Amino acid sequence: MEILQDFLVPFLNFRLLFLVAAGTFAGIIIGAIPGLSVTMGVALLLSLTYSWELYDALALMLGVYFGGVFGGSRAAILINMPGSPSSVATTFDGYPMSQKGEAKLALTLTTIFSFIGGIIGVIVLAVAAPLVSQIAINFAQRDYLLLAMLGLLLVGSLSKGANAKGIFAAGAGIIVGLVGMDSIGGGSRFTFGSLQLMNGVNFVVAILGLFGMAEILYQMKNVASKGKVSILKKTAFPTIAFLLKFLPLSLRVSIMGVLIGALPGAGGEIAALLGYDHAKQTAKKPNRPFGEGAHEGVIAPEAANNSAIGGALIPLLTLGIPGDAVTAIFIGALFIHGLQPGPLLMEQSGDLFWMIVGSATLANIFLLIFGLLVVSIFIRIVTVPKQILLPVIAVITVIGSYALNNSVTDVYWMLGFGIVGFFMKVHKFPVAPLVLGIILGPLVDTSFRRAYMGSEGMGDFLIGFVNSPITLILTIVFFFTIFSQTNIFTKLKNKLKKV
Amino acid sequence: MKKNILIIIIIFVLAACGSETENADGQVDNEDVTSSYPEKNIDGIIMWGEGGATDIIGRTLAPIVEDEIGSSLVMQNKAGAAGAIATQYVYDQSADGYTLLFGAENPNLYQVLDISERSYQEDFVPVSIIANSFAGIIVKEDSPYENLEELVDAAKENPNELIFGTTGEGGLPSVVLAMLQNELKSEFRTVPYEGEGPVSTALLGGEVDVTSVTVSAAQEYVESGDFRMLAVVNDEPIDSLPDVPAITDAYPEIGKYLPWGPFQAVFAHKDTPTGVLEKLTEAFETAIETDEFKETLANLGMEYMNISGQEAIDFVDQNRSTSAWMLYEAGETEKSPEEFNIPKVEEE
Amino acid sequence: MYAIKSLAPGMVMIIVSLVILSQALVMERADIFDPAGGSFFPALISLIMLICGITVLFQKYPQTEHGEEGFTAKEYRFILIFFAMVVVYVFLLSIITFFPATLIFLVASMFYLKDVSWKLNFLVSIGSVIVIYLLFSELFNIIFP
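Asks: Which residues make up the overall build of chain C, and what values go with them?
Replies: When helices and strands are tallied, chain C shows 5 helices and 0 strands. When the helices and strands of chain C are placed in sequence order, the string is α-α-α-α-α. Across chain C, every contact between residues at least 6 apart in sequence was considered, and the portion connecting residues at least 24 apart equals 46%. Surface accessibility of chain C: about 7800 Å² in total, with carbon and sulfur atoms responsible for 74%.

Here it is, written out as structure tokens:
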């Protein structure tokens with residue numbers, strides 16, 4: 001009973017209700033603008049709400065968190081520019097849908113399934129937080145390694161037939177991700193003696209360049225040749241039957257999303273990538289091939305990255321360990337308001353836990369409402385003539401990459417990635433694997449080396465892959481995935497069918 | 001088409017010329033810099049990952065300092081290479097007091113460990129030493145080792161069996177480890193993590209057998225029963241965890257290295273204008289003094305220090321001498337502290 | 001001519017991987033044969049990249065349909081000039097501050113891309129400059145160069 005009361009606090013208190021709504025709305029806007037990240041938004045609120053009541057501050061911050069992760073998908077779908085790393089996977093099919101005139105359907109679908117993913121994340125947080133956090137902290141370096149490698153296997157499906165080029169691009173991405181001081185050995189890698197490179201390459205800058213600037217340049221072609229004008233099909237709101245078709249998929253990827261989000265070393269971006277991969281493996285009859293605007297291809301990553309928020313809150317509230325950069329700021333907020341986030345938090349302030357669950361539920365409800373309401377506003381972007389849209393986006397890309405670190409060097413990096421990305425597109429080098437490498441490369445590197453350092457020699461290192469349950473499952477999944485992507489498997493399947 | 005391009009180029013060139021002159025007389029002298037400081041956000045660079053002691057202190061202190069100084073303090077984590085990435089980053093920014101380094105004791109060892117050329121002494125100036133603390137040696141609650149002797153004996157019997165989680169070369173755990181290996185002849189395998197938060201997580205997950213973190217970072221887990229602290233690296237038990245024995249109880253020979261421990265401080269680039277530095281020091285001093293922040297320090301199990309100026313410089317120097325020579329004598333350093341004129345602390 | 005053009009991507013790939021491999025080999029404080037060292041993994045990646053490069057070099061390409069996807073020299077020039085304008089804009093940004101630089105860039109680029117009336121051009125430019133300024137500078141306290 002008490003739990004229900006605490007849970008309902010944000011629903012019944014008008015001020016909290018308003019703050020969650022305002023936060024969610026602001027979050028959607030912040031997330032949708034390339035260069036403004038959720039982390040920046042929440043960090044800004046931390047200093048803004050310093051003198052507020054704890055509940056008020058948390059309500060607003062949670063709103064921005066959920067709204068922001070969701071908002072990233074808007075720009076990903078409409079202009080092929082992921083607003084945040086966790087919406088990279090949404091561009092794979094979201095943008096092709098938009099190019100085929102289905103922007104409205106893509107926006108609607110992602111809103112509905114972001115909501116479902118978010119709610120599932122919150123439910124898991126509410127009912128299974130201690131259990132999930134146990135799994136999360138028992139996730140060893142080998143498991144992170146396998147997870148990152150599974151993500152890297154996506155290269156195969158992102159290369160669109162040009163496998164060698166795709167793998168090469170992923171390799172180049174990994175190397176870019178490793179630039180800078182080596183956090184394990186202490187030396188510096190690929191810095192060419194430059195101090196600027198010591199800090200590594202900011203991967204949001206890379207995304208802004210490779211997706212944003214490169215896409216602007218590529219689109220110029222249409223302006224130059226006065227080619228096709230963007231089309232916008234009239235779409236009715238999807239029917240319930242149509243939506244129900246995707247429910248099982250969204251449930252599966254949401255559970256995956258919660259678990260990955262709960263890991264201290266992996267977050268929404270990896271959840272979204274693996275969610276996309278899962279959709280691709282399991283979708284029996286996608287409306288179109290993946291990468292060309294499959295509905296499953298936008299639903300899965302969005303459900304996964306929103307459910308990862310609930311996941312990220314789990315280690316924060318049960319153990320005081322942040323699951324990502326945003327929850328690290330929440331830790332600061334709790335400390336500032338005199339609480340001690342740690343294993344005793346739930347015991348000592350159970351009301352807080354349920355209030356957070358309540359606010360998160362509310363944020364998801366507002367996300368659904370606002371998300372659907374603003375579809376018609378966002379959709380106009382597609383109909384804006386390219387001659388006006390492209391220069392404005394170019395400015396946002398430039399200012400956005402500057403704003404990340406207040407650094408002009410970052411802007412030049414973004415331009416560099418932009419021109420490289422453009423030529424890659426021209427010469428049919430897939431760009432997505434490069435980004436995949438930048439995101440996953442460092443994780444593969446550190447987890448591999450830590451796992452190796454923790455074992456005695458190569459033999460012991462390899463045995464480690466089969467002697468713990470989580471690792472064994474991941475190893476099997478990993479090899480199964482490799483196996484299923486090769487020709488042998490397809491041939492075998494065809495033979496079996498004939499029999 | 002050609003004509004259009006020409007017009008555009010002309011516009012750009014004109015604009016560029018116009019600005020050149022603007023910039024030339026836009027120079028301001030030093031006094032103005034001080035009186036107008038701060039006129040934009042101040043970046044606070046935290047040298048450790050989220051959730052560690054440096055992170056918590058920095059993020060708690062930031063809003064109080066913001067009120068004092070009248071500008072936003074934007075906190076960012078730049079973890080890696082025992083804090084050298086953040087140290088280098090702050091060093092690379094202009095010395096205008098808009099980028100501050102929230103750091104621990106680690107840069108004191110960069111030179112001897114050949115991690116980086118940077119050092120607090122030569123490249124930075126302390127704004128304030130906020131607090132100090134002690135290192136605790138911790139194991140997971142289900143570990144077979146009930147006290148430090150058992151752990152050390154096990155590490156002697158089976159060298160390189162037990163895994164000691166560190167936070168990279170020169171981090172707090174690596175100095176404690178040097179102490180154990182040098183004085184007590186125990187041998188551990190090491191696996192580095194990004195900071196105290198991640199290494200605590202690794203201990204929780206059973207990935208490492210033992211580690212050493214600041215008492216403050218481990219306190220919550222010790223109270224909840226997840227971790228067991230075998231010893232605190234000091235010559236007497238500390239107030240926040242009175243039940244934990246001092247390391248000298250079992251091994252008095254460690255005593256000669258003590259007192260030694262981590263500290264938390266804010267540094268600015270060495271060439272920061274004096275006026276700006278004074279403003280910063282004043283703001284931090286007042287902020288650290290607030291009951292609010294003192295309460296946070298108490299919660300964290302850190303000892304209030306709040307020193308600045310020469311006193312702070314001396315404190316940092318003394319810490320460097322102890323750590324550098326200790327690691328050197330343990331054969332852990334790449335270079336001798338003598339190369340960098342680091343004085344040896346005489347035994348009293 | 002065609003042969004060189006079709007070999008170019010493979011050659012570039014091989015050169016890039018060799019550069020990376022050489023950088024991994026000369027890396028300080030890292031033993032290339034120690035899997036826990038800093039250079040083992042990058043070296044491994046560079047070898048994989050090298051293999052990909054060689055594969056591409058010897059691969060027989062299915063002739064890509066020209067026309068739709070191909071770029072004419074004129075289009076290239078058009079695009080690269082726009083890119084040059086962006087570069088100049090970034091350059092100007094640090095000299096003449098945000099407002100004038102952005103305004104000039106927007107007006108000039110929309111003019112360059114044609115088919116936008118002057119009225120609309122100015123309206124959109126001024127509008128976007130103000131909105132972007134309010135958002136980034138006022139709300140997020142970003143200090144423009």
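The discussion continues.
Asks: Give me the lowdown on the side chain of Ser 212 of chain B, citing residues and values where you can.
Replies: All names here are of chain B. Assignment of secondary structure puts Ser 212 in strand 8 (residues 210-214). For Ser 212, a relative accessible area of 0% corresponds to the buried category. Excluding residues that lie within four positions of it along the chain, Ser 212 makes contacts with Ala 135, Gly 136, Ile 137, Phe 164, Gly 165, Leu 172, Pro 173 and Val 176.

Asks: I'd like to hear about the interface of chain A and chain C, residue by residue, with values.
Replies: Bring the parts together and some accessible area is lost; that lost area is often taken as the interface size. Listed per partner, the contact involves 67 residues of chain A and 65 residues of chain C. Counting the surface lost from both chain A and chain C, the interface buries some 5600 Å², and carbon and sulfur atoms represent 82% of this. Across the contact surface, chain A and chain C share 0 salt bridges. Those elements that place two or more of their residues in the side of chain A that touches chain C are helix 3 (38-48), helix 9 (163-178), strand 2 (188-189), helix 10 (203-224), helix 19 (386-403), helix 20 (408-426) and helix 21 (432-453) of chain A. No other element matches the 13 residues that helix 19 of chain A contributes to the side of chain A that touches chain C. When the residues that make up the side of chain A that touches chain C are grouped by side-chain class, the tally is 46 nonpolar, 12 polar and 9 charged.

Asks: Hey, could you go over a negative patch on the surface for me, with residue numbers and the actual values?
Replies: All names here are of chain B. A cluster of like negative charges, contributed by Asp 67, Glu 68, Glu 278, Glu 282, Glu 285, Glu 289, Asp 291, Glu 292 and Glu 295, occupies part of the molecular surface. Those elements giving two or more residues to the negative patch turn out to be helix 3 (53-69), helix 11 (274-289) and helix 12 (291-300). With 4 residues, the top contributor of residues to the negative patch is helix 11. Relative to the helices and strands, Asp 67 is located in helix 3.

Asks: I'd like a rundown of the packing of aromatic side chains, residues and numbers included.
Replies: Summed over the entire model, instances satisfying the criterion amount to 39 aromatic pairs over all chains. Judged by centre distance (5.3 Å) and plane angle (90°), the rings of Phe 242 of chain A and Phe 246 of chain A are edge-to-face. For Phe 246 of chain A, a relative accessible area of 2% gives the class buried. Among the aromatic side chains, those forming a connected cluster through ring pairs are Tyr 91, Tyr 120, Phe 124, Phe 263, Phe 267 and Phe 315 of chain B.

Asks: Give me the environment of Tyr 37 of chain B: which residues, what numbers.
Replies: Secondary-structure assignment places Tyr 37 of chain B in the loop between helix 2 (30-36) and strand 1 (42-46). Setting aside chain neighbours within four positions, we find Tyr 37 of chain B in contact with Ile 42, Ile 69, Asp 96, Gly 97, Tyr 98, Val 276, Lys 279 and Leu 280 of chain B.

Asks: Which residues make up the packing of helix 3 (residues 73-96) of chain C against helix 4 (residues 98-113) of chain C, and what values go with them?
Replies: All names here are of chain C. As a packed pair, helix 3 and helix 4 sit with axes 8 Å apart at the nearest point and diverge in direction by 165°. Here helix 3 lies roughly antiparallel to helix 4, going by the angle between them. Classified by chirality, the crossing of helix 4 by helix 3 is right-handed. Across the interface between the two elements, Arg 77, Phe 78, Ile 81, Phe 82, Met 85, Val 86, Tyr 89, Leu 92, Leu 93 and Ile 96 from helix 3 touch Phe 98, Pro 100, Ala 101, Thr 102, Ile 104, Phe 105, Ala 108, Ser 109, Tyr 112 and Leu 113 from helix 4. In terms of residue class, the contact of helix 3 with helix 4 is made up of 17 nonpolar, 2 polar and 1 charged.

Asks: For unusual backbone geometry, give the residues involved together with the corresponding values.
Replies: A positive phi angle is found at Asn 80 of chain A, which is not glycine, with a value near 60°. Assignment of secondary structure puts Asn 80 of chain A in the loop between helix 4 (54-79) and helix 5 (88-99). At Lys 185 of chain B, a residue that is not glycine, the phi angle is positive and equals roughly 55°. Assessed through its relative accessible area of 57%, Lys 185 of chain B is described here as exposed.

Asks: Go over the confidence of the model for chain C with me, naming the residues and quoting the values.
Replies: Per-residue pLDDT for chain C has a mean of 79; in total, 82% of the residues score no lower than 70. With pLDDT under 50 throughout, residues 63-68 of chain C is counted as low confidence; its partners more than four residues away or in other chains account for 3 contacts.

Asks: A description of helix 19 of chain A should follow, citing residues and the corresponding values.
Replies: Counted at 1.5 Å a residue, the expected span for helix 19 of chain A with its 18 residues is 26 Å, and the 25 Å between its end C-alpha atoms agrees. Of all the 18 residues making up helix 19 of chain A, 17 are buried; the element is thus mostly covered by neighbouring parts of the structure.

Asks: Tell me what's going on with the pairing of strand 5 (residues 135-140) of chain B, and back it up with residues and numbers.
Replies: Residues and elements named next belong to chain B. For strand 5, the tally of buried residues reaches 6 of 6 residues, placing the bulk of the element in the interior. Side chains Ala 135, Ile 137 and Val 139 project from strand 5 onto one buried face, and the interleaved Gly 136, Ile 138 and Lys 140 project onto a second face that is buried too. Sheet topology note: the strand 5/strand 8 ladder contains 5 bridges and is antiparallel. Each bridged residue has a counterpart across the sheet, and for Gly 136 the counterpart in strand 8 is Val 213. Relative to strand 9 (residues 227-232), strand 5 runs antiparallel, the two sharing 5 bridges. Looking at strand 9, one finds that Val 139 is bridged to Arg 228.

Asks: How would you summarise a nonpolar patch on the surface if you had to cite specific residues and measurements?
Replies: Residues and elements named next belong to chain C. The grouping of Phe 99, Leu 103, Trp 118, Phe 122, Ile 126, Ile 130 and Leu 134 at the surface amounts to a nonpolar patch, some 640 Å² of accessible area in total. Only helix 4 and helix 5 (118-139) provide two or more residues apiece to the nonpolar patch. With 5 residues, helix 5 is the single largest residue contributor to the nonpolar patch. Following the sequence through the fold, Leu 103 ends up in helix 4.

Asks: Explain the pairing of strand 6 (residues 163-166) of chain B to me, using residue names and the numbers behind them.
Replies: Residues and elements named next belong to chain B. Side chains of strand 6 alternate between two faces, with Ile 163 and Gly 165 and Phe 164 and Thr 166 buried alike. Two elements, strand 6 and strand 8, share 2 bridges in a ladder whose sense is parallel. Of the residues in strand 8, the one forming a bridge with Gly 165 is Thr 211.

Scoring rules and cut-offs
- Residues numbered from 1 in each chain as written.
- Chains lettered and ligands numbered in written order.
- Predicted model: local features only at pLDDT ≥ 70, side-chain atom pairs only at ≥ 80, totals over all residues.
- Heavy atoms only, no water.
- Helix = DSSP H or I, 4+ residues; strand = E, 2+ residues; numbered from the N terminus.
- Contact = heavy atoms within 4.5 Å.
- Areas by Shrake-Rupley, 256 points an atom, 1.4 Å probe, with all protein chains shown as cover.
- Buried < 20%, exposed > 50% of the residue type's maximum accessible area, 1.4 Å probe, protein only.
- Buried area = accessible area lost by both parts, 1.4 Å probe.
- Salt bridge = Lys/Arg side-chain N within 4 Å of Asp/Glu carboxyl O.
- Nonpolar A, V, L, I, M, F, W, Y, C, P; charged D, E, K, R; others polar.
- Patch = residues over 30% accessible without salt bridge, like charges linked within 9 Å, V, L, I, M, F, W, Y side chains within 5 Å.
- Lys, Arg positive; Asp, Glu negative; His and termini not counted.
- Charge placed at Lys NZ, Arg CZ, Asp CG, Glu CD.
- Phe/Tyr/Trp six-rings, centres within 6.5 Å; stacked < 30°, edge-to-face > 60°.
- Axes fitted to C-alpha atoms, helices over the stretch in contact; angles between N-to-C directions.
- Parallel < 35°, antiparallel > 145°, perpendicular 65-115°, else oblique.
- Left-handed = near helix turned anticlockwise from the far one by under 90°.
- pLDDT = per-residue confidence, 0-100.
- Expected span 1.5 Å × (residues − 1).
- Pairing = 2+ DSSP bridges.

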